[in-house]
Amino acid sequence: MQLTLDNIIKKFGDKEVLQGVEFRFQKGKIYGLLGRNGVGKTTLFNCLSGETKMDGGQAHLEVNGVVRELREEDVGYVYSLPILPEFLTGYEFIKFFMDINQDKRQPATSIDTYFEILSMAKDDQHRLIKSYSHGMKNKIQMLLLLITKPPIILLDEPLTSFDVIVALEMKNMLREMKRDHILIFSTHILQLASDLCDELVVLNNGRLSAVPAELLHSPEFEQRIIHLLKDDHHAENA
Ligand SMILES: Nc1ncnc2c1ncn2[C@@H]1O[C@H](COP(=O)(O)OP(=O)(O)OP(=O)(O)O)[C@@H](O)[C@H]1O
């Protein structure tokens, strides 16, 4: 499975935020998306998820040798600020979500199994989402992806609100999920990027570039990335 971005352009008024984004993402890898504040990471995610209309370019998905245009339902999006129905309990919401996605989910997996994967205590499951911490809301969002299993998963700064234990659980869950999905993960935390991601891509001046693979675990990783974020001419084109 491969996701191909072809000359994606997005403007807000006179400002061209995405200026011809090109890249190929493969299944089985976690990609870290790096870029300075306001460079357009969320805009790129919004374009891929169908939330925002692109002004130019295309995204294609290749599955088992068949290439087609990327559809909204191909993309699961974990927002940094989760949007959930606060008036339901976690359990009620997940039950509802499972019911409306009968066709997409594994029928054999029960709601209790899903909550076990998240290690969410019974009394928390039955509290209103309104009372959940940011991290718990993010966990519920992750659970939605485990249920529907969209081929592409976009995560916009998702692990920053988790405590160390939950962050580790989530990292393990993402490592497990990468076998069947293309995972693209935006973060400002370089330690997390080097720890979790198989490849890094930098968004700079409206374009994506691959970070040379040998940098990822090199001692000067942090310094070099900071340099790349300031000056994209040193990054390799994909
Ligand atoms: N709906 C919108 N209308 C006008 N401008 C927008 C809109 N959405 C984003 N922008 C602008 O596009 C640029 C990219 O924003 P975006 O949120 O994609 O950046 P980002 O890389 O995700 O930033 P951060 O790391 O701070 O979250 C910014 O200059 C932002 O102000």
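Reading guide: rules and limits
Residues numbered from 1 in each chain as written. Predicted model: local features only at pLDDT ≥ 70, side-chain atom pairs only at ≥ 80, totals over all residues. Axes fitted to C-alpha atoms, helices over the stretch in contact; angles between N-to-C directions. Helix = DSSP H or I, 4+ residues; strand = E, 2+ residues; numbered from the N terminus. Parallel < 35°, antiparallel > 145°, perpendicular 65-115°, else oblique. Left-handed = near helix turned anticlockwise from the far one by under 90°. Contact = placed C-beta atoms within 7 Å. pLDDT = per-residue confidence, 0-100. Near = placed C-beta within 6 Å. Nonpolar A, V, L, I, M, F, W, Y, C, P; charged D, E, K, R; others polar. Buried ≥ 20, exposed ≤ 12 C-beta atoms within 10 Å, placed from the backbone.

Now for the packing of helix α2 (residues 90-100) against helix α5 (residues 134-148). Interaxial distance between α2 and α5 falls to 11 Å at its minimum, and their mutual angle equals 25 degrees. In terms of their interaxial angle, α2 and α5 are classed as roughly parallel. Judged by the sense of rotation from one axis to the other, the crossing of α2 with α5 is right-handed. Contact residues: G90, F93, I94, F97 and M98 in α2; I140, L143, L144 and I147 in α5.

What follows concerns the confidence of the model for the chain. Of the residues in the chain, 96% have a pLDDT of 70 or more, and the chain-wide mean is 88. When the criterion is pLDDT under 50, residues 233-238 qualifies, and its contacts beyond four places in sequence or with other chains add up to 17 contacts. As scored by the predictor, the complex reaches a pTM of 0.88 and an ipTM of 0.96.

If you check the shell around the ligand, you find F12, V17, G35, N37, G38, V39, G40, K41, T42 and T43 and nothing else. Considered class by class, the residues forming the shell around the ligand number three nonpolar, six polar and one charged.

In this section: the environment of R105. Mapped onto the secondary structure, R105 falls in the loop between α2 and α3 (111-118). Residue R105 is classed as partly exposed on the basis of its 17 C-beta neighbours within 10 Å. As for R105 and I152, which are separated by 47 residues in sequence, their C-alpha atoms are 16 Å apart. Setting aside anything within four residues of it in sequence, one finds R105 in contact with M98, I147 and T148.

Attention now moves to the packing of α3 against α5. Two numbers describe how α3 lies on α5: the axes approach to 10 Å, and their chain directions differ by 130 degrees. As far as their axial angle goes, α5 and α3 are oblique. With respect to the hand of their crossing, α3 and α5 are arranged in right-handed fashion. In this structure, α3 uses Y114, I117 and L118 to contact α5, whose residues at the interface are K139, L143, L146 and I147. Classifying every residue of the contact of α3 with α5 by side-chain character gives six nonpolar, no polar and one charged.

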